[in-house]
Amino acid sequence: MTENTKPLAVRCKGLIKVYTTRHHEMVVAVNRLDLEVHAGECFGLLGPNGAGKTTTVEILEGLLAPTAGEVELFGKTWEKDERFLRERLGISLQHTHLPERLTVRETVELFRSFFTQGRDVGEALDLVALKDKENARYETLSGGQKQRLAVACALVGNPALLFLDEPTTGLDPQSRRMLWEVVLAFKQQGGSVLLTTHYMDEAERLCDRVGVIDHGQMIALGTPKELIESLGGQQIVEFTVEGNDEEVNLDALSTLPSVHSARWHTGRISLTVGQLHEALPALLAHVDQGGRKLTGLSTHHATLEDVFVNLTGRQLRE
Ligand SMILES: Nc1ncnc2c1ncn2[C@@H]1O[C@H](COP(=O)(O)OP(=O)(O)OP(=O)(O)O)[C@@H](O)[C@H]1O
């Protein structure tokens with residue numbers, strides 16, 4: 001099969017999930033979501049708490065029934081081809097509770113037994129650098145080791161598609177980087193990945209494309225580079241001035257050289273800027289001419305976080 005005729009790893013269309021709470025209130029968690037993950041791609045779903053990421057992922061994993069919409073993985077559906085799909089998916093849930101008394105090796109052996117074909121247990125442990133812990137009981141592992149074990153369990157069936165729901169939340173930097181290497185190696189061998197994350201550096205490092213989801217809807221989709229470029233500038237300048245904030249004229253600021261846009265953001269003025277060496281002198285002169293004094297100034301390279309703020313006026317993590 002050529003690249004174009006390969007079935008998509010994930011295709012969902014018009015996905016809707018409405019929960020009914022204990023108090024009989026309706027919560028629309030996913031609202032007409034369309035999503036495609038290509039074979040061999042790492043796709044990241046980003047969004048704030050409660051955006052609908054976990055609900056979406058659990059529907060795609062066949063763990064939760066949608067209220068409406070179509071879901072296909074490798075051109076197959078959960079209704080008709082559950083066995084086929086279970087053999088091809090690796091799943092690491094947001095919270096994994098594994099048996100406390102089993103050793104690391106026993107845990108992975110248990111998961112290996114669910115699959116007719118799969119990896120050698122030792123190889124799966126090697127992949128997540130847990131070989132030296134194979135005889136340790138689950139209850140004695142650190143948070144990072146537990147998370148890596150969950151990923152080993154997801155990998156031991158030699159899946160074609162890996163689901164990772166916030167795989168590195170709460171991990172130390174070294175464990176996070178180790179998991180990133182595991183994901184990149186899996187992708188390099190042709191695997192497809194759908195991951196959710198709160199970490200923008202993680203999305204930028206791992207994902208070929210990302211979808212930003214808010215209130216159950218996809219509000220932006222593209223490569224990290226495309227999304228960041230959509231801001232119109234690669235740099236963000238944030239500053240505060242002494243005196244009455246109300247008088248700051250955002251329109252005037254956005255006409256300064258190399259400034260693409262100006263907004264209020266968490267008590268500061270935030271400018272999206274093309275060239276710092278053009279924008280900064282002009283900004284300083286502008287503030288000076290207005291008879292004001294700068295009380296703070298910082299700059300950073302635009303990130304996916306800035307994309308989210310630009311789209312919604314909110315922080316990704318509040
Ligand atoms: N079982 C449930 N019953 C009622 N409402 C629910 C249920 N599960 C989730 N929700 C609601 O659906 C919305 C989406 O939740 P979901 O967990 O999918 O979001 P999320 O983006 O994964 O958030 P987080 O990053 O915090 O995990 C939220 O408003 C949540 O409160």
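All of these numbers come straight from a predicted model, not from anything done at the bench.

Here we come to the overall build of the protein. Counting secondary structure elements, the protein contains 11 helices and 13 strands. Dimensions of the protein along its principal axes, counting C-alpha atoms only, are 75 × 50 × 45 Å. Entry remark: accessible area of the protein is about 15,700 Å², with carbon and sulfur atoms responsible for 49%. Side chains of the protein give 33 positive and 44 negative charges; the mean places of these two sets differ by 5 Å.

A few words now on the site of the ligand. Of all residues adjacent to the ligand, which total 14 residues, the nearest are Gly50, Gly52, Lys53, Thr54 and Thr55. At 3.2 Å, a side-chain N or O of Asn49 approaches an oxygen atom of the ligand. Taking Glu166, its side chain carries an N or O atom lying 3.3 Å from an oxygen atom of the ligand. Compared with its free state, where it exposes 630 Å², the ligand has 64% of that area covered by protein. For the shell around the ligand, the secondary structure elements donating two or more residues are strand E2 (26–37) and helix H1 (53–60). The greatest single-element share of the shell around the ligand, amounting to 3 residues, is contributed by H1. Considering only residue class, the shell around the ligand consists of 5 nonpolar, 7 polar and 2 charged.

Applying the stated criterion to the full structure yields 0 disulfides. Between Cys42, a cysteine without a disulfide, and Cys207, which holds the nearest cysteine sulfur, the sulfur-to-sulfur distance is 4.1 Å. The class of Cys207 is buried, set by a relative accessible area of 6%.

Okay, the UniProt feature "domain: ABC transporter" (unreviewed entry) in the protein next. Taken from the UniProt record, the annotation "domain: ABC transporter" (unreviewed entry) applies to residues 10–240. The span residues 10–240 is 33% helical and 29% strand by assignment, and the distance between its end C-alpha atoms comes to 45 Å.

Another point: empty space enclosed by the protein. According to the stated counting rule, one finds 3 cavities of 30 Å³ or more in the structure shown. Quantified by volume, the largest cavity comes out at close to 70 Å³. As for the largest cavity, its lining consists of Leu231, Ile236, Glu238, Arg263, His265, Ser270, Thr272, Asp306, Val309 and Asn310. Secondary-structure elements contributing two or more residues to the lining of the largest cavity are strand E10 (235–241), strand E11 (259–265), strand E12 (268–273) and helix H11 (304–312). Element by element, the count of residues in the lining of the largest cavity is highest for H11, at 3 residues.

It is worth spelling out helix H5 (residues 143–155) at this point. For H5, spanning 13 residues, the distance from its first C-alpha to its last is 19 Å, which sits close to the expected 18 Å at 1.5 Å a residue. Across the 13 residues of H5, 11 count as buried, placing the element largely inside the fold. Those residues of H5 that fall on the buried side of the exposure criterion are Gly144, Gln145, Gln147, Arg148, Leu149, Ala150, Val151, Ala152, Cys153, Ala154 and Leu155.

What follows is about the sheet that holds strand E6 (residues 161–165). Whether parallel or antiparallel, the strands of a sheet pair through hydrogen bonds between backbone atoms. If you trace the 6 strands from one edge of the open sheet to the other, you get E5-E6-E7-E3-E8-E9, paired in mixed fashion. Two strands lie at the open edges of the sheet, namely strand E5 (89–92) and strand E9 (217–222), each paired on one side alone. Strand after strand, the sheet turns through a mean of 15° between neighbouring axes, direction not considered. Relative to strand E7 (residues 192–197), strand E3 (residues 42–46) runs parallel, the two sharing 5 bridges. Bridging from a neighbouring strand, Gly44 pairs with Leu195 of E7.

The next subject is the layout of surface pockets. In this structure, the largest pocket occupies an estimated 370 Å³ of space. What lines the largest pocket is a set of 18 residues, among which Gly90, Ile91, Phe111, Phe114 and Phe115 lie closest to the centre. When residues in the lining of the largest pocket are grouped by element, the largest group, 4 residues, is from E5. Contributing to the lining of the second largest pocket are Gln94, His95, Thr96, His97, Tyr138, Gly143, Lys146, Gln147, Ala150, Glu166, Thr169 and Leu171. A class-by-class count of the residues in the lining of the second largest pocket yields 3 nonpolar, 7 polar and 2 charged.

This part takes up the pattern of salt bridges. Considering all chains together, one arrives at 16 salt bridges under this definition. Across the pair Arg86 and Glu82 runs a salt bridge, and its minimum N-O distance is 3.5 Å. Highlighted residues: Arg86 and Glu82, both in helix H2 (residues 78–88), separated by 4 residues, approximately one helical turn. Among the residues examined, Arg86 registers a relative accessible area of 22% and is labelled partly exposed. One salt-bridge network, in which partners are shared between bridges, spans Arg11, Glu70 and Glu72.

Tracing the backbone shows His265 in strand E11. When its relative accessible area of 9% is taken as the criterion, His265 is described as buried. With sequence-adjacent residues up to four places away left out, His265 is seen in contact with Glu238, Ser270, Val309 and Gln315.

Procedures and definitions
- Residues numbered from 1 in each chain as written.
- Predicted model: local features only at pLDDT ≥ 70, side-chain atom pairs only at ≥ 80, totals over all residues.
- Heavy atoms only, no water.
- Helix = DSSP H or I, 4+ residues; strand = E, 2+ residues; numbered from the N terminus.
- Areas by Shrake-Rupley, 256 points an atom, 1.4 Å probe, with all protein chains shown as cover.
- Lys, Arg positive; Asp, Glu negative; His and termini not counted.
- Charge placed at Lys NZ, Arg CZ, Asp CG, Glu CD.
- Near = heavy atom within 4 Å.
- Polar contact = N/O pair within 3.5 Å; in protein donor to acceptor, adjacent residues only side chain to side chain.
- Nonpolar A, V, L, I, M, F, W, Y, C, P; charged D, E, K, R; others polar.
- Disulfide = S-S within 2.5 Å.
- Buried < 20%, exposed > 50% of the residue type's maximum accessible area, 1.4 Å probe, protein only.
- UniProt positions renumbered as here; feature names shortened; annotations may be inferred.
- 1 Å grid on protein atoms, 1.4 Å probe; cavity = no way out; pocket = protein on both sides within 12 Å on 5 of 7 lines; lining within 4 Å.
- Points joined across faces, edges and corners; volume = space filled by probe spheres on them.
- Expected span 1.5 Å × (residues − 1).
- Pairing = 2+ DSSP bridges.
- Axes fitted to C-alpha atoms, helices over the stretch in contact; angles between N-to-C directions.
- Salt bridge = Lys/Arg side-chain N within 4 Å of Asp/Glu carboxyl O.
- Contact = heavy atoms within 4.5 Å.

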